[in-house]
Amino acid sequence: MADDLSEVLYQPEEIEARVKELAAQIDSDYAGKNVLMVGILNGAVMMMADLTRAMHEHCQMDWMAISSYGSGVASSGVVRILKDMNAPVEGRHVLVVEDIVDTGLTLSYLLDNLRSRNPASIEICAAFRKPEAVRAQNVQVKYLGFDIPSDFVVGYGLDYDGRYRNLRGLGILDPKVYSG
């Protein structure tokens, strides 16, 4: 798999250290609040697992599956909920855990959906964010792992056509892999 990367952006140790910092900040911010953490499948599995294991406060976990991608490298522009969560949101402190904020389209849709369920609060934790997300949508990421370049990246939960999620670090996928 490493031969398919044109550059490694973050080593596993760098990601682990940043996730521990985020967990400490979340513990402090949500002390005594029993936060509902909503992981966005499939990409956020790694981040959610590492983040919750690094936390010391109680939390409840649930999952949603939302898609704006097919098997390509660009968003389709159409957002769909593929799996809704089971836990009630009303009156809860909700922390959405996402792998990457790319265009911001998916999260903007999700936040509107979750706000309609009347949470006490709602915030976003994302492992990675691209510059397009900052400009394109009004999506505020309170807990951010890393800002990354606009390149197509894989690893730490991020995939291309279902592959590379299990890389422990994050790298730029060489265009030769997806350009035909």
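Residues numbered from 1 in each chain as written. Predicted model: local features only at pLDDT ≥ 70, side-chain atom pairs only at ≥ 80, totals over all residues. Heavy atoms only, no water.

**Q** Explain the sheet that holds strand β7 (residues 143–147) to me, please; I cannot follow it from the model alone.
**A** The pairing of strands in a sheet happens through backbone hydrogen bonds and is either parallel or antiparallel. Ordered by their spatial adjacency, 6 strands build an open sheet running β4-β3-β2-β5-β6-β7, and the pairing between neighbours is mixed. Each having just a single partner strand, β4 (80–83) and β7 make up the two edges of the open sheet. Averaged over neighbouring strand pairs, the angle between their axes works out to 30° when direction is ignored. Sheet topology places strand β5 (residues 93–101) next to strand β6 (residues 121–129); 8 bridges connect them, and they run parallel. The residue of β6 that forms the bridge with valine 101 is arginine 129. (Pairing = 2+ DSSP bridges. Helix = DSSP H or I, 4+ residues; strand = E, 2+ residues; numbered from the N terminus. Axes fitted to C-alpha atoms, helices over the stretch in contact; angles between N-to-C directions.)

**Q** Help me out: how do you make sense of the nonpolar core in this one?
**A** One recurring pattern in soluble globular proteins: nonpolar side chains tend to sit buried together. Leu51, Leu95, Val97, Cys125, Phe128 and Leu170 are the most contacted members of the largest nonpolar core, which has 29 residues in total. Mapped by element, the contributors of at least two residues to this core are β1 (5–10), α1 (12–29), β2 (35–41), α2 (45–54), β5, β6, β7 and β9 (170–173). With 5 residues, α1 is the single largest residue contributor to this core. Non-local contacts of leucine 51, meaning those with residues more than four positions away in its chain, are made with Val19, Leu22, Ala23, Ile26, Met37, Val97 and Cys125. Ranked by size, the runner-up nonpolar core spans 22 residues in total, among them Val38, Val79, Met85 and Leu114. (Core = buried A, V, L, I, M, F, W, Y, C linked by side-chain atoms within 4.5 Å. Buried < 20%, exposed > 50% of the residue type's maximum accessible area, 1.4 Å probe, protein only. Contact = heavy atoms within 4.5 Å.)

**Q** When you look at helix α3 (residues 105–115) in this model, what are you seeing that I'm missing?
**A** An α-helical turn contains 3.6 residues, so a residue and the one three or four places further along point in the same direction. Within α3, the full set of buried residues consists of Thr106, Leu107, Leu110, Leu111, Asn113 and Leu114. Projected down its long axis, α3 carries its buried residues within an arc of 160°, all on one side. Looking at the buried positions of α3, the neighbouring elements they touch are β2, β3 (59–67), β4, β5 and β6. (Arc of directions from axis to C-beta.)

**Q** Help me understand α2, please; the structure alone is not making it clear to me.
**A** Taken together, the buried positions of α2 are occupied by Met47, Met48, Leu51 and Thr52. The buried side chains of α2 occupy one side of the element, clustering within an arc of 110° when seen end-on. In this structure, the buried side of α2 is in contact with α1, β2, β3, β5 and β6.

**Q** What is the right way to look at unusual backbone geometry in this model?
**A** For residues besides glycine, phi is generally negative; the peptide bonds are generally trans as well. Between leucine 41 and asparagine 42 the backbone carries a cis peptide bond, its omega angle lying at 0°. Structurally, asparagine 42 is set in the loop between β2 and α2. Its identity as a non-glycine residue notwithstanding, asparagine 34 has a phi of 45°, on the positive side. On the secondary structure map, asparagine 34 appears in the loop between α1 and β2.

**Q** How should the packing of aromatic side chains be read in this particular structure?
**A** Aromatic ring pairs are described here by two measures, namely the spacing of the ring centres and the angle between the planes. Going through the model one piece at a time under the given rule, you end up with 7 aromatic pairs. Between tyrosine 30 and tyrosine 143, the aromatic rings sit 6.5 Å apart at their centres with planes inclined by 45°, giving tilted as the arrangement. With a gap of 113 residues between them, tyrosine 30 in the loop between α1 and β2 and tyrosine 143 in strand β7 connect regions that are remote in the sequence. (Phe/Tyr/Trp six-rings, centres within 6.5 Å; stacked < 30°, edge-to-face > 60°.)

Interpretation note: all reported values are geometric properties and have no functional meaning in isolation.
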